[in-house]
Amino acid sequence: MSDVRAEVTSESWIAAGFNELARTGVEGVRVEVLAKNLGVTKGRFYRRCRDRAALLEAMLQSWSSGRIAAIEKHASLDGATARERLRALIELYSGRMNTEGMSIELAIRQWARSDDPAANAVASVDAARLKNVVIDSHVRIPEGLVVGEDPLLDAKRFRRTEKGICLITQPMIDRLEA
């Protein structure tokens, strides 16, 4: 294998890791495979990362911080009314499909089923998503109502998108109290 002289950054290794994760799952994220995909030797990897575990940790950090930043950006009002924000969120989550991003997210969620650090990363992203629950104007949230801890219960009580965004309206609250 030829060792290309171009700089392979930590971000390059992380991106290659995400590509392989989406393609084969966490088991496929191996130094040898990533080096081959990047066209460099394994030695280049160890100049950037301590070991595979450090790469996986960096991937989780990159994914969770990137997803949380995107969620916060999309959920911020930025001068928009709540109605405008709701329309924008519905369009965002129903209008386009990022298949690469979805593949990475699904692979990380699968990984999280058997790995505590991955589960923690998923939980932090989910918390950010649910922190941005869309509540219709003039809705009175009853004391003690918990939203966001049980996705199945949320889906029964409220309108919940596949991406985890909950819409809560006063009629939905009224049905709970009846």
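Structure: above.
Residues numbered from 1 in each chain as written. Predicted model: local features only at pLDDT ≥ 70, side-chain atom pairs only at ≥ 80, totals over all residues. Heavy atoms only, no water.

J.: Hey, could you run me through the side chain of serine 64 in this one?
T.: Structurally, serine 64 can be placed in helix H4 (residues 52-75). Polar contacts involving the side chain of serine 64 include one to the main-chain carbonyl oxygen of glutamine 61, which spans 3.4 Å. Not counting residues within four places of it along the chain, the set of residues in contact with serine 64 comprises Ala121, Ser124 and Val125. (Helix = DSSP H or I, 4+ residues; strand = E, 2+ residues; numbered from the N terminus. Polar contact = N/O pair within 3.5 Å; in protein donor to acceptor, adjacent residues only side chain to side chain. Contact = heavy atoms within 4.5 Å.)

J.: Which parts of the structure should I look at to understand helix H2 (residues 31-38)?
T.: Every α-helical turn comprises 3.6 residues, leaving residues that sit three or four positions apart pointing alike. Considered for burial, the residues of H2 that qualify are Val31, Val33, Leu34 and Ala35. Among the residues trailing H2, glycine 39 stands out with phi positive, at a value near 75°. (Buried < 20%, exposed > 50% of the residue type's maximum accessible area, 1.4 Å probe, protein only.)

J.: Would you mind showing me how to read the packing of helix H1 (residues 10-24) against helix H6 (residues 99-112) here?
T.: A packed helix pair is summarised by two numbers, namely the angle formed by the two axes and the spacing between the axes. Direction vectors running N to C along H1 and H6 enclose 75°, while the axes themselves pass 8 Å from each other. Taken together, the axes of H1 and H6 lie roughly perpendicular to each other. Facing H1, whose interface residues are Phe18, Asn19, Leu21 and Ala22, H6 presents Glu100, Ser103, Ile104, Ala107, Ile108 and Trp111. (Axes fitted to C-alpha atoms, helices over the stretch in contact; angles between N-to-C directions. Parallel < 35°, antiparallel > 145°, perpendicular 65-115°, else oblique.)

J.: In this structure, what is going on with the packing of aromatic side chains? I would like to understand it.
T.: We describe a pair of aromatic rings using the distance from one ring centre to the other and the angle between the two ring planes. Tallied over the entire structure, the rule returns 2 aromatic pairs. Note on tryptophan 13 and phenylalanine 45: the rings are 5.2 Å apart at their centroids and 80° apart in plane angle, and the pair reads as edge-to-face. Taken together, the residues span a long stretch of sequence, with tryptophan 13 in helix H1 and phenylalanine 45 in helix H3 (residues 42-48) at a distance of 32 residues. According to the relative accessible area criterion, tryptophan 13 is buried, its value standing at 0%. Phenylalanine 45 sits in the buried class, given a relative accessible area of 0%. Centroid distance phenylalanine 45 to tyrosine 46: 4.9 Å. Interplanar angle 90°. Geometry classified as edge-to-face. A connected cluster of aromatic rings, assembled from ring pairs, spans Trp13, Phe45 and Tyr46. (Phe/Tyr/Trp six-rings, centres within 6.5 Å; stacked < 30°, edge-to-face > 60°.)

J.: Can you help me understand the nonpolar core in this one?
T.: Counting residues in each nonpolar core, the largest one holds 30 residues, and the members touching the most others are Leu21, Leu55 and Ile108. Listed by contribution, the elements that provide at least two residues to this core are H1, H2, H4, H6 and helix H7 (116-131). Excluding residues that lie within four positions of it along the chain, leucine 21 makes contacts with Val26, Val29, Met59, Ile104, Ala107, Ile108 and Trp111. Val133, Val139, Cys166 and Ile173 belong to the second-largest nonpolar core, a separate cluster that totals 7 residues. (Core = buried A, V, L, I, M, F, W, Y, C linked by side-chain atoms within 4.5 Å.)

J.: Can you help me understand the packing of H1 against H2 in this one?
T.: Relative orientation of the contacting elements H1 and H2 amounts to 110°, with a least axis distance of 10 Å. By the criterion of interaxial angle, the relationship of H1 to H2 is roughly perpendicular. On the side of H1, the interface is formed by Ser12, Trp13, Ala16, Gly17 and Glu20, while H2 contributes Val33, Leu34, Ala35, Asn37 and Leu38. Looking at the contact of H1 with H2 residue by residue, the class counts come to 6 nonpolar, 3 polar and 1 charged. (Nonpolar A, V, L, I, M, F, W, Y, C, P; charged D, E, K, R; others polar.)

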